[in-house]
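Single-letter residue listing:
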Amino acid sequence: MTRTIRSLCTPLLFLFLTIWAHAQTTNALPRSTPEAEGISSEGILQFLDAAQQSKHEFHSIMVLRHGKVVAEGWWNPYRPDLKHTMYSVSKSFTATAVGFAVHENRLRVSDKVISFFPDDLPETISPYLAELNVRDLLSMSAGQEPDPTPLVGRDSNWIKAFLATPIVHKPGSKFLYNSLCTYMLSAIVQKVTGEKVIDYLRPRLFTPLGISGMDWEVDPMGINVGGWGLRVKTEDMAKFGQLFLQKGMWNGQQILPAAWVEEASTLKIIQHPDMPQAKRDSSDWEQGYCYQMWRSRHNSYRGDGAFGQFIIVMPDQDAVVVITSETADMQQEFNLVWKYLLPALQKESLPANKKAAARLKKKLASLALPIPAKTAASPLAKTIAGKTFSLSPNDRFIQNMSFQWKGDNCQLTVKNNTETHLLTFGAGKWVFGETTQLGPSLVKGAKAHFVGLPPAQVAGGYRWKDQNTLELTLRYIESPHTETFTCRFDQNNLTVEAQSSFGQKNIETFKGIAQADGYKPARLIVRGDDMGFSHSGNEALLKSSKEGIQTAIEVIVPSPWFPEAVRMLEQNPGVDVGVHLAITSEWDNVKWRPLTDCPSIQNKDGYFYPMVFPNKDYPGQSISENPWKIEDIEKEFRAQIEMAIQKIPRVSHLSAHMGCAYFSEEVKALTQRLAAEYNIPLEGGDGAFSRVGYEGPSKTPAEKKQSFLKMLQKLEPGKTYMFLDHPGIDDSELRAIHHIGYENVAADRQGVTDLFTDKEIKRFIEQNGVQLIGYDDLASSKDWWKEAVVYQIYPRSFKDSDGDGIGDLKGIISKLDYIKSLGINMVWLNPVYASPNKDNGYDISDYQNIMKEFGTMSDFDALLAGFHQKRYQSVYGPGSQPLQRRTRMVQIGPQFAQQPLLQLLPLVACRKRQTALSLEYFR
């Protein structure tokens, strides 16, 4: 029986392959010569010569006449087997999916858009929104203004974002190009068919036309984006155009209803009705709009994509012209078609012109884009080979670059926050490869951009512009775009200028430095000042820490809302706290007094003076203008420090409100002495960090964001910085608080809160690897750990096995004073090393097992808060990445994981639970 089945399989397989091969041949576009189809080879040659002399960069061309390909070419490194990003040509395919759905009675063009998405509607449905139908989406006349497409970079639910955008014109009455209209068509098709548009079109369009290998971008909800993102080959584009030219017929079958082709390709709305006719006659963008297609001059219509992706259907000439390219002037590219190709199309076949046909064939085969010229190698190549250059934060999120040479090829390694990309560039030639690095794109900011798509095909070439400047050219050969990296080397410094081919005026500059001992990120303290001065301020400061990038809060102890601040900080033990020493009270409607009886630093009403330094708006009302006494300042500073320690025992540093600790050398010396006495560092002491501020104007929220981003881009790897501002909430309380010269307190400080909690800012910091730290993390850069007395917590050693009160989690928390009395000043959590040994019967395990023993994150936070309050240093072992930022622990790097001395760590958890251990050994 088995033998019989096998004997039948071979001929059946042969028959299947024969049928499949025949189907592929049948679906392939036939070829012919230009003259045989009534086209002059000379005319095509003139077009190609004009294209070569123009400022446009052509990537491919295919000319069809009477259903046959008469000319086709690809400018090397582009190839016929590669897909090409079509941008808005995708819209025509989406509209075709709607046509199939209409034919199958799944929807009608008169259906109301809101009927498809009852769960995504705004609370109030305007009359215009209720009126909006599918036809309005197809004709780009939804009535919205401005175009809501930029929302795709911010929202995860594009349907809801579109429906929430106000419709200001009656639907169907005014044209406005709107890519989210097309997205909504895609979403509607998926809603009524249960399939993404690409899957719905596969058996109806792609398979009958012999189109394969296509892919299409999706939104965050898995819906094809519709308005862009479809990639197919040049010949596939030609097939689509020919299908429309043939009124939906393909190989004798009606693939697409002829009525839909007619409906979709005829004028539906005029773009600018008031435009003078003469101006309209000279533009291919003023001939009217169809269903996701444009009418063009000479009674043609087209699928049209950014930078010159065209499927031009010419019914009067029975021709289709397909172009892929990159140009900033699409109309001029169109003009070349009308100037050279249109006159070459004759009504009858032409006599054979063998010489012209041979020259055309040779020309088409030799099409190529310029390759970076091969230059002599720079002696610098050997110097920089293998070096890693860490980069300042940048919009591309590149953290470091390194260079290497293998023969004539230059290899560039680019590392961002999640991936490492290896790119190869040839000298005087293209080196082909692929990469998951995202290249230039108009819609690069859209959420889910390129998610799920295969790696990008690239071609790379390089040249030395001079002995210190390396130019790397990377072509993304399945897209219209190219990017160039110009790398200038100056000893250990690197400057990179990145420029995309469609953003010639937009050059991104990155600064880098060679780091011999590996990548060290820039570290940044983001400090929020003035907790306690208002309830609004307290709320905003806490929000900025819990939801944003803020890493330290400065508390004004004598301020009126200090008791509330204490309660809030008790409920949030992971927040780093500084005492904001204050001897001024600047607001006109809110005041605070000294904690102590010190008359020389208070005004006649018993309040602090409003200013530290002389101020023209408050003459004579600064402390520096009055007879202050150093003993009164010392008394007050001590009282503030001691109350803070009593109420918030985890205070990590001191800072100065309005610079009050530095207005004289005597006061400065006093503050430094108190910091040493209380063992609480004074902010920024010993050059622990550099202060940074806004790089540019910061009056409005938009200015704050832009200037903050510019500041971030200037941070240097391996250095530590501190940025401070004052979060607040724009409410009635804060609107009542001001002083002369600063009347917009509420709005200004709301802008700071918005900045500190901005998702894009947070993403920029995370993607660039900038390390957000608190003041309590600064100790990790000093030598506190060289001779630390350590208490190690093992994963399964929490039981109180020897009766000393140390063991289980609650016991540890309750006995922190006892642990401190043993002289322990560092806690070691979760060392990771390979060892078969047991610790008193308890397995040495990893972070996940530790967390099981801790129970909940709040328990863990409570333990860490206790460590900070008792001024423990805390470290954790390599591999414990799940630990969150709020733990504020210093990681012992993975480079130590293989050190034999790690086998000594069990000694840390000996019977007395303490030992003197020099971590210097692990360097």
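Side note on the overall build of the chain
Next up, step 1: Secondary structure summary: the chain contains 26 helices and 35 strands in total.
Next up, step 2: Taken over 923 residues, the chain has a buried fraction of 55%.
Next up, step 3: Sequence-distant contacts in the chain: of pairs separated by 6 or more residues, those separated by 24 or more amount to 67%.
Next up, step 4: Carbon and sulfur atoms make up 52% of the accessible area of the chain, which amounts to about 40000 Å² in all.

Some thoughts on unusual backbone geometry
Next up, step 1: Here Asn76 and Pro77 are connected by a cis peptide whose omega angle stands at 20°.
Next up, step 2: Locating Pro77 in the fold gives a position in the loop between β2 (68-74) and β3 (83-85).
Next up, step 3: A cis geometry characterises the amide bond from Glu145 onward to Pro146, with omega recorded as 5°.
Next up, step 4: Relative to the elements of secondary structure, Pro146 occurs in the loop between α5 (134-138) and α6 (158-164).

Some words on the pairing of strand β23 (residues 552-555)
Next up, step 1: Side-chain alternation along β23 places Ala552 and Glu554 on one buried face and Ile553 and Val555 on a second face that is also buried.
Next up, step 2: Of the pairings in the sheet, the one linking strand β22 (residues 523-531) to β23 comprises three bridges and is parallel in character. Looking at β23, one finds that Met531 is bridged to Val555.
Next up, step 3: A crossover links β22 with its parallel partner β23, the connecting element being helix α15 (residues 535-546), and its sense is right-handed.
Next up, step 4: Here β23 runs beside strand β24 (residues 576-581); their pairing, made up of four bridges, is parallel. Note that in β24 the partner of Ile553 across the bridge is Val577.
Next up, step 5: Of the crossover connections in this fold, the one passing from β23 over helix α16 (residues 562-570) to the parallel β24 is right-handed.

Considering the sheet that holds strand β20 (residues 493-500)
Next up, step 1: Sheet architecture is open: 10 strands sit in the order β15-β14-β13-β12-β21-β20-β19-β18-β17-β16, paired in antiparallel fashion. For this open sheet the edge positions go to β15 (420-425) and β16 (431-435), each flanked by a neighbour on one side alone. Each neighbouring strand pair of the sheet contributes to a mean axis angle of 25°, computed without reference to strand direction.

Quick notes on the sheet that holds strand β10 (residues 309-314)
Next up, step 1: Within the open sheet, the six strands sit side by side as β2-β1-β11-β10-β9-β8. Their pairing is antiparallel. Edge positions in the open sheet fall to β2 and β8 (294-296), since each of these has one partner strand only. Mean inter-strand twist for the sheet, computed between neighbouring axes without regard to direction, equals 20°.
Next up, step 2: Relative to strand β11 (residues 319-326), strand β1 (residues 57-65) is paired through eight bridges, and the arrangement is antiparallel. Bridging across to β11, Leu64 finds its partner in Val320.
Next up, step 3: Docked against the sheet, helix α2 (residues 41-53) engages β1, β2 and β11, running at close to 165° with respect to β1.
Next up, step 4: Sheet strands in contact with helix α9 (residues 234-245) are β1, β2, β9 (300-305), β10 and β11, and its direction is about 145° off that of β11.

Thoughts on the confidence of the model for the chain
Next up, step 1: Per-residue confidence for the chain averages 85 on the pLDDT scale, and 80% of its residues sit at or above 70.
Next up, step 2: Note on residues 780-790: pLDDT under 50 across the span, and 38 contacts to partners over four residues away in sequence or across chains.
Next up, step 3: Overall, residues 794-798 carries pLDDT values under 50, and its contacts beyond four positions in sequence, including any with other chains, amount to 26 contacts.

A look at the environment of Ser126
Next up, step 1: Topologically, Ser126 is positioned in the loop between α3 (89-103) and α4 (127-131).
Next up, step 2: Between the alpha carbons of Ser126 and Val168 there is a distance of 9.9 Å; along the sequence they are 42 residues apart.
Next up, step 3: Polar contacts involving the side chain of Ser126 include one to the main-chain amide nitrogen of Leu129, which spans 3.1 Å.

Considerations on the pattern of salt bridges
Next up, step 1: Under the defined criterion, the tally for this structure stands at 45 salt bridges.
Next up, step 2: Across the salt bridge formed by Lys247 and Glu262, the nearest N and O atoms sit 3.2 Å from each other. Taken as a pair, Lys247 in the loop between α9 and β6 (249-250) and Glu262 in helix α10 (residues 258-265) lie far apart in primary sequence, 15 residues in all.
Next up, step 3: For Glu262, a relative accessible area of 39% puts it in the partly exposed group.
Next up, step 4: The network of salt bridges with common partners includes Arg527, Asp529, Glu554, Glu683 and Arg691.

Criteria and thresholds
Residues numbered from 1 in each chain as written. Predicted model: local features only at pLDDT ≥ 70, side-chain atom pairs only at ≥ 80, totals over all residues. Heavy atoms only, no water. Helix = DSSP H or I, 4+ residues; strand = E, 2+ residues; numbered from the N terminus. Buried < 20%, exposed > 50% of the residue type's maximum accessible area, 1.4 Å probe, protein only. Contact = heavy atoms within 4.5 Å. Areas by Shrake-Rupley, 256 points an atom, 1.4 Å probe, with all protein chains shown as cover. Pairing = 2+ DSSP bridges. Right-handed = clockwise from strand over helix to strand, strands pointing away. Axes fitted to C-alpha atoms, helices over the stretch in contact; angles between N-to-C directions. pLDDT = per-residue confidence, 0-100. Polar contact = N/O pair within 3.5 Å; in protein donor to acceptor, adjacent residues only side chain to side chain. Salt bridge = Lys/Arg side-chain N within 4 Å of Asp/Glu carboxyl O.

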